[in-house]
Amino acid sequence: MKASDLVLAPVPKRIVSRPGVCKLHNKQYIRLDADEPQLIINAARKTGVSWEITASPNAPYNEIGLIIELNKKSKIRSEGYKLTIDEENMKITASDPAGAFYGACTIAQIIRQCDKEIPCLCISDFPDFGVRGLMLDISRDKVPTMETLYSLVDQLAEWKINHFELYTEHTFRYLAHPEVWKDASPMTGEQIMDLDAYCKAQHIELVPNQNSFGHMERWLKIDRYKDMAEDPNGCQTVWGFRPPSGLSPASKQSIPFVKGLFDELLPHFTSSLFNVGCDETIDLGCGQSKEMCEKQGTGKVYLDFLLKIYKLVKSHNKTMMFWGDIIMHYPELISKLPKDIIALEWGYEAKHPFAEHGAKFRESGIPFYVCPGTSSWNSLVGRTDNAIDNINNAAKNGLKQGAIGLLNTDWGDNGHWQNISVSRLGFLAGAMASWNTKTDIRKKLANSLSLHAFHDKSMKTGEFFYQLGNLYTLFQYRLGNSSIPWTVLFRPMDRARANECIKADELDAMENKVLELEAMIADDEMKCKDAEIVHAEIAHLLNMMKLAVKVGRARIAGSPINNLSNELEQVKCDHQKVWLMRNREGGMIDSTEKIVSE
């Protein structure tokens, strides 16, 4: 294999081919050349080769397969590395331990493709964004097992992700609040500390995340907490009537409650950052705070409550991160934010105005991240084209506007029915774009996914998920943050609405494409550790798409879908079986009930 034929993810900034090959042997050394070799031992282990690791200068040169040099005085950029492979051995040079680790990740990917004959080459590489993150929703209803989280961290680290968040509303085991998590299989403090250490060993910062204003439904439906709700009985909002959703700034209990959450949660994390949420406060001003908002303005009431939360975060010596959607409605207030806060500019459609919104934060001197998404939620199988365009838009415009990070997001709205194999496409696209914004992700993604997510040299698995995620494009009618196949299974739809959104020939095209994809994946060559689970997930995804075709036909014909009750029950059963392969039991029943039954 030539260096130019290698599939690497993220794509390095510069790769130069050299003549010859480097032949690897079973018994060689990895020599650590550093004043403190302990700082780079995990880099040696990340290569995947089982050679003896030594810092001894007496290792025979002709038996050294890899040298990892940590040179703090080199001009190599932070987290960057230089990888040289010649006929004698391989060498990584970096100015910091993270750069050495990422050079080792690149070697692991090369060896995965070449086995024991490596093409000679020289790679010079460094990231575009200092923070390259992923946020995983664990509150709508899916909480992964620790084994799943460790495996995901391993994968994210190889893709050079360095920031990881678990989005939490009620799924941390607050000892002071057992009512809220009792059926949710929450993360315990011990598990968080273990995961924090596991992440840190792979140069990932595990960042605490606790929504603290909106999206508090799981709390506010419980009698003990109802008095803090904007309206304990629910109220009419811009999204229609909603049950109690947000904490009320008018309640004297709200800030002491939030303080108690922070006091219990934050000691389990070593990160200096903290994401407090505060997005989509849709009921603000509709209940207890109505008079305040009428007198002061809704934006001012929001900002004042946000600043109270900011003071709580500062008391823990952490930097506060918050979702920027609400403050963006009041651009005149952006300049009043503290300058050591981090705004999270999020948007999940291809044409979200990252450039325009980023400019507003930049002009006000507010540090910000751009936050696209995997486009997996409310889709079952993903929305590939939208994910790529959304992530590319965020990365390119974020870099232009001076964003200090890119935080990719994977939400679990409406029961988190998409499985992690679907989300991996978006995970990898985010990793590739945040490291090297010039990457042609559309061209590189499928093969990169095959090799470096599923370890499939046939290249079929990545192509399968890429095409499966584009089933939504077969339908002319498009839905924001959703897809037609998901909608027919999860939303009531009368005949008139169905015929507005769906055409019979579109369902025919989808059925044919699903059968084509089923045949494509039948002889993949997956060698990843979780291949058996991935195959079960694939079978479930294909069955859901076949059911979506049948339900769609029933919708446009005006036929009752309870005629498909057997198929619906089978999909529910399979959903639960697949769920338990990677996730905890809590939330599973709530999730299962989200699919329509009539």
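Structural data are supplied above this passage.
These figures come from a predicted structure and were not determined experimentally.

Peer 1: It is not clear to me how the sheet that holds strand β9 (residues 163–167) should be interpreted in this structure. Could you clarify?
Peer 2: Adjacent strands of a sheet pair through backbone hydrogen bonds, lying either parallel or antiparallel. On the basis of which strands lie adjacent, the open sheet formed by eight strands has the order β10-β9-β8-β17-β16-β15-β14-β13 and parallel pairing. Here the strands that pair on one side only, and so sit at the sheet edges, are β10 (205–207) and β13 (273–275). Averaged over all neighbouring strand pairs, the angle between strand axes comes to 25 degrees, with direction disregarded. Helix α3 (residues 146–158) rests against β8 (131–137) and β9 of the sheet, and its axis sits at about 150 degrees to β9. Lying over the sheet, helix α12 (residues 420–435) contacts β8 and β17 (405–410), oriented at roughly 175 degrees with respect to β17.

Peer 1: Please explain the pattern of salt bridges as it appears in this structure.
Peer 2: Note that side chains of opposite charge can pair when their charged atoms are close. Using the criterion set out here, one finds 34 salt bridges in the structure. A salt bridge links aspartate 530 to arginine 424; the shortest N-O distance between them is 2.7 Å. You can see aspartate 530 sitting in the loop between α17 (504–520) and α18 (531–557) and its partner arginine 424 sitting in helix α12, a full 106 residues away along the chain. Just as aspartate 530 is buried, arginine 424 falls in that class too. Members of the salt-bridge network, linked through shared partners, are Asp137, Arg140, Glu169 and Asp413.

Peer 1: What is the right way to look at the pairing of strand β4 (residues 64–70) in this model?
Peer 2: In summary, the side chains of a regular strand alternate between the two faces of the sheet. Among the seven residues in β4, seven count as buried, and that is most of the element. Relative to β4, strand β2 (residues 29–33) runs parallel, the two being bridged by five bridges. Following the sheet pairing, arginine 31 is matched in β4 by isoleucine 67. In this structure, β4 lies alongside strand β6 (residues 90–94), joined through five bridges in parallel fashion. From the neighbouring strand, glutamate 69 faces β6, where its bridge partner is threonine 93.

Rules behind the numbers
- All chains use their own residue numbering, which begins from 1 and follows the written sequence.
- Only residues with pLDDT of at least 70 get local features here, since the model is predicted, and only at 80 or more are side-chain atom pairs given and counted; chain-wide, interface and lining totals rely on the full set of residues.
- Excluded from the side-chain calculations are hydrogens and water; all other atoms, namely the structure's heavy atoms, are used.
- Note on pairing: two strands pair once DSSP finds at least 2 bridges between them.
- A run of DSSP states H or I qualifies as a helix once it reaches four residues; a run of E qualifies as a strand once it reaches two. Both are numbered from the N-terminal end.
- Only C-alpha atoms enter the line fits that serve as axes; for helices the fit covers just the stretch in contact. Angles between N-to-C directions range over 0 to 180 degrees.
- Note on contacts: a residue pair qualifies if any of its non-hydrogen atoms lie within 4.5 Å across the two residues.
- The rule for a salt bridge is simple: a side-chain nitrogen of Lys or Arg has to be within 4 Å of a carboxyl oxygen of Asp or Glu.
- For the exposure calls, accessible area comes from a 1.4 Å probe over protein chains only, and a residue counts as buried if that area is under 20% of its type's maximum, exposed if over 50%, partly exposed in between.

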